[in-house]
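Summary of the model geometry
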Amino acid sequence: MLEKLKKLNPEIEFYDVSDKEFSSFGRIINGLDISELVSEAKKIPNTESGSAYLPSVKEFENLDIATELKNEFFGTLGSQVGYCWGYNSFMDATEWHTSSEINIAITPIVLILGHLWDVENNKIDSSKFKAFYLPAGTAVEVYATSLHYCPCQVSDDGFGCIVGLPKDTNTDLTVKTVNPLLFRKNKWIIAHVDNKSLINKGVVAGITGTNFQIKY
């Protein structure tokens, strides 16, 4: 699959998540028993079109693995286990948090990642990003300094990805802030200049260059 993706997407650097190039963006998590999470995730019906995201899924958070994630990756602080799924092939935007994010690939996915330190004056060119392929069943920690967004699918069946974050991340803001990039709680975001949908919602247009479409 990786070689096929590389050939079909020559405009972006493409790697497997196990390659050394991933080390500045995150790390693979070994030893997690994700079998119950996978079973629960597969009960969620796919979207008819587009992608969907739930910051918190009770069925996930009732499992023992939710406590393991909380203790081992969020230092026992309150955390949430949610789900992002559906259909997506475009970069479209990028976001970051003040903590790591745990991603568990229910299906094979591609993550388009950049570095926060490459954002200057709320802008970044898409040439700064790289694509990483995650086989189904792969769990990774994506560091707080890693720019990321909705996973991309690698088949017509769409994608599914478990998302672990500190509690209330990605929920509506309840106070006004001066930072124009803070769009939700613990969620800073920049849209690609071609993504009129997000821009019309008030997201700052800051990604220039190609709005990568992952072909498979």
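A quick note: this is a predicted structure, and the numbers were derived from the prediction, not measured.

Looking at empty space enclosed by the protein
Under the criterion given, the structure shown has one cavity of 30 Å³ or more. The space that makes up the largest cavity amounts to roughly 50 Å³. Along its surface, the largest cavity is lined by F90, M91, A93, I112, H148, Y149, C150 and C152. A breakdown of the residues in the lining of the largest cavity according to their chemical character gives seven nonpolar, one polar and no charged.

Remarks on unusual backbone geometry
Leave glycine aside and you will find that most residues have negative phi; peptide bonds, for their part, are mostly trans. Even without a glycine there, the phi angle at D168 is positive, about 80°. Tracing the sequence through the fold places D168 in the loop between β12 (159-166) and β13 (182-184). In this structure, N170 takes a positive phi of about 75° despite not being glycine.

Some points on the sheet that holds strand β3 (residues 51-54)
Pairing within the open sheet is antiparallel, and its six strands lie in the order β2-β10-β6-β12-β4-β3. Strand pairing shows two members of the sheet lacking a second neighbour, β2 (26-28) and β3, which therefore form its edges. On average, each strand axis in the sheet is tilted by 20° relative to the strand beside it, whichever way the strands run. Pairing of β2 with strand β10 (residues 139-142), which is carried by three bridges, proceeds in the antiparallel orientation. Each bridged residue has a counterpart across the sheet, and for I28 the counterpart in β10 is V140. Sheet strands in contact with helix α4 (residues 64-73) are β2, β4 (79-86), β6 (101-105) and β10, and its direction is about 115° off that of β4.

Cut-offs and rules
- Residues numbered from 1 in each chain as written.
- Predicted model: local features only at pLDDT ≥ 70, side-chain atom pairs only at ≥ 80, totals over all residues.
- Heavy atoms only, no water.
- 1 Å grid on protein atoms, 1.4 Å probe; cavity = no way out; pocket = protein on both sides within 12 Å on 5 of 7 lines; lining within 4 Å.
- Points joined across faces, edges and corners; volume = space filled by probe spheres on them.
- Nonpolar A, V, L, I, M, F, W, Y, C, P; charged D, E, K, R; others polar.
- Helix = DSSP H or I, 4+ residues; strand = E, 2+ residues; numbered from the N terminus.
- Pairing = 2+ DSSP bridges.
- Axes fitted to C-alpha atoms, helices over the stretch in contact; angles between N-to-C directions.
- Contact = heavy atoms within 4.5 Å.

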